[in-house]
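# Tertiary structure, described
One-letter residues, chain by chain:
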Amino acid sequence: MLRNYLAGTIVVSKQVAFIQHRNLGYDRENLVSIPIEGDLVTRYRLFKAEASRLPGIQNVSAISDDPSFLNSQTNEVDWDGRGPKTMVSFENQQVGYDFVPTMKLQVKEGRDFSRAFPSDSSDACLINETAARAIGYTAAVGRKIKVNGRKLTIIGVLKDFHFRSLHESIHPLILRHGVDDFGNVLVRTEAGKTKEPCMAWKRFAGS
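Since this is a predicted model, take the numbers as computed values, not measurements.

Calculation criteria
- Residues numbered from 1 in each chain as written.
- Predicted model: local features only at pLDDT ≥ 70, side-chain atom pairs only at ≥ 80, totals over all residues.
- Heavy atoms only, no water.
- Helix = DSSP H or I, 4+ residues; strand = E, 2+ residues; numbered from the N terminus.
- Salt bridge = Lys/Arg side-chain N within 4 Å of Asp/Glu carboxyl O.
- Phe/Tyr/Trp six-rings, centres within 6.5 Å; stacked < 30°, edge-to-face > 60°.
- Buried < 20%, exposed > 50% of the residue type's maximum accessible area, 1.4 Å probe, protein only.
- Contact = heavy atoms within 4.5 Å.
- Pairing = 2+ DSSP bridges.
- Arc of directions from axis to C-beta.
- Polar contact = N/O pair within 3.5 Å; in protein donor to acceptor, adjacent residues only side chain to side chain.

### Some remarks on unusual backbone geometry
Leaving glycine out, the prevailing phi sign among residues is negative, and the prevailing peptide bond configuration is trans. In this model, Asp-98 sits at a positive phi of 75°, which is unusual for a non-glycine residue. Positive phi outside glycine occurs at Asn-148, with the angle close to 50°. As for its position among the elements, Asn-148 is in the loop between β8 (144-147) and β9 (150-158).

Written out as structure tokens, the structure is:
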């Protein structure tokens, strides 16, 4: 009995170590995710501007869902050459400016959303490597896709990163630029400064 217990403990420890040391495709250290609730939904841009000036905060962005478990799929994606019977479920998220550097993602092709390109806010998207393979575009940047009836231009391809359980394969992902329709604020801090954005958010929420 004791031997079985010890064996079970070792297996669990190895599994925990595997998850802790697995390359997720983004840097989870010093990354804070804060749920947005109530009236704060429409005040994200003001919070971003104020929080970005605080010592110890490197980047601020936002996303529709919790970045560790994205769960907003759509099958309504069309592209040139798509077969009539081809059905692919894509993860479909809205993100704010600076999402890529805040998560420390890697852009494999193209570029990130930029304020220098006003059309990014309405007509552009980023996809991950898995989405590019699912669509079949070998050179995806500049190509068009239609998401829920809305035509978008692919401006960048991100290297795959895990946004669900490590036991699941990585799903095709489409990121669109959003304005206020977010569920979580993301804050990248300096080491040892992870409490600051939470305290700032509480002060901001109480104002």
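### Here we look at the pattern of salt bridges
Taken as a whole and assessed by the stated rule, the structure comprises 10 salt bridges. Between Arg-82 and Asp-78 there is a salt bridge, and its shortest N-O distance comes to 3.8 Å. One salt bridge in this structure joins Arg-133 and Asp-160, with 3.3 Å as the shortest N-O distance. Taken together, the residues span a long stretch of sequence, with Arg-133 in helix α5 (residues 129-135) and Asp-160 in the loop between β9 and β10 (173-177) at a distance of 27 residues.

### Observations regarding the packing of aromatic side chains
What the rule picks out here adds up to 4 aromatic pairs. Centre to centre, the rings of Tyr-26 and Phe-161 are 6.2 Å apart; their planes meet at 90°, and the pair counts as edge-to-face. Of this pair, Tyr-26 sits in the loop between α1 (2-21) and β1 (31-35) while Phe-161 sits in the loop between β9 and β10, placing them 135 residues apart in sequence. Relative to Phe-163, the ring of Phe-161 lies with its centre 5.7 Å away and its plane at 65°, an arrangement referred to as edge-to-face. Judged by its relative accessible area of 2%, Phe-163 is buried.

### Things to note about the environment of Val-77
The topology assignment puts Val-77 in strand β4 (residues 77-79). Among the residues examined, Val-77 registers a relative accessible area of 3% and is labelled buried. Separated by 74 residues in the primary sequence, Val-77 and Lys-151 have C-alpha atoms spaced 9.6 Å apart. Residues within four places of Val-77 in sequence aside, it is in contact with Arg-82, Phe-90, Lys-146, Val-147 and Ile-174.

### Concerning the pairing of strand β7 (residues 124-128)
When you tally the buried positions in β7, you get 5 out of 5 residues, the bulk of the element. Relative to β9, β7 is paired through 5 bridges, and the arrangement is parallel. In the sheet register, Cys-125 faces β9, and the bridge partner there is Ile-154. The pairing of β7 with β10 spans 3 bridges and is antiparallel.

### Some thoughts on helix α2 (residues 44-51)
Among the residues of α2, those classed as buried are Tyr-44, Phe-47, Lys-48 and Ala-51. Summarising the axial view, the buried residues of α2 lie within an arc of 100°, below the 170-degree limit, and thus occupy one face.

### Description of the side chain of Arg-164
Relative to the assigned elements, Arg-164 resides in the loop between β9 and β10. A polar atom in the side chain of Arg-164 sits 2.7 Å from the backbone oxygen of Leu-70. Within the structure, the side chain of Arg-164 is placed 3.3 Å from the side chain of Glu-91, a separation counted as a polar contact. In contact with Arg-164, other than residues within four places in its own chain, are Ser-68, Phe-69, Leu-70, Asn-71, Gln-73, Glu-91 and His-171.

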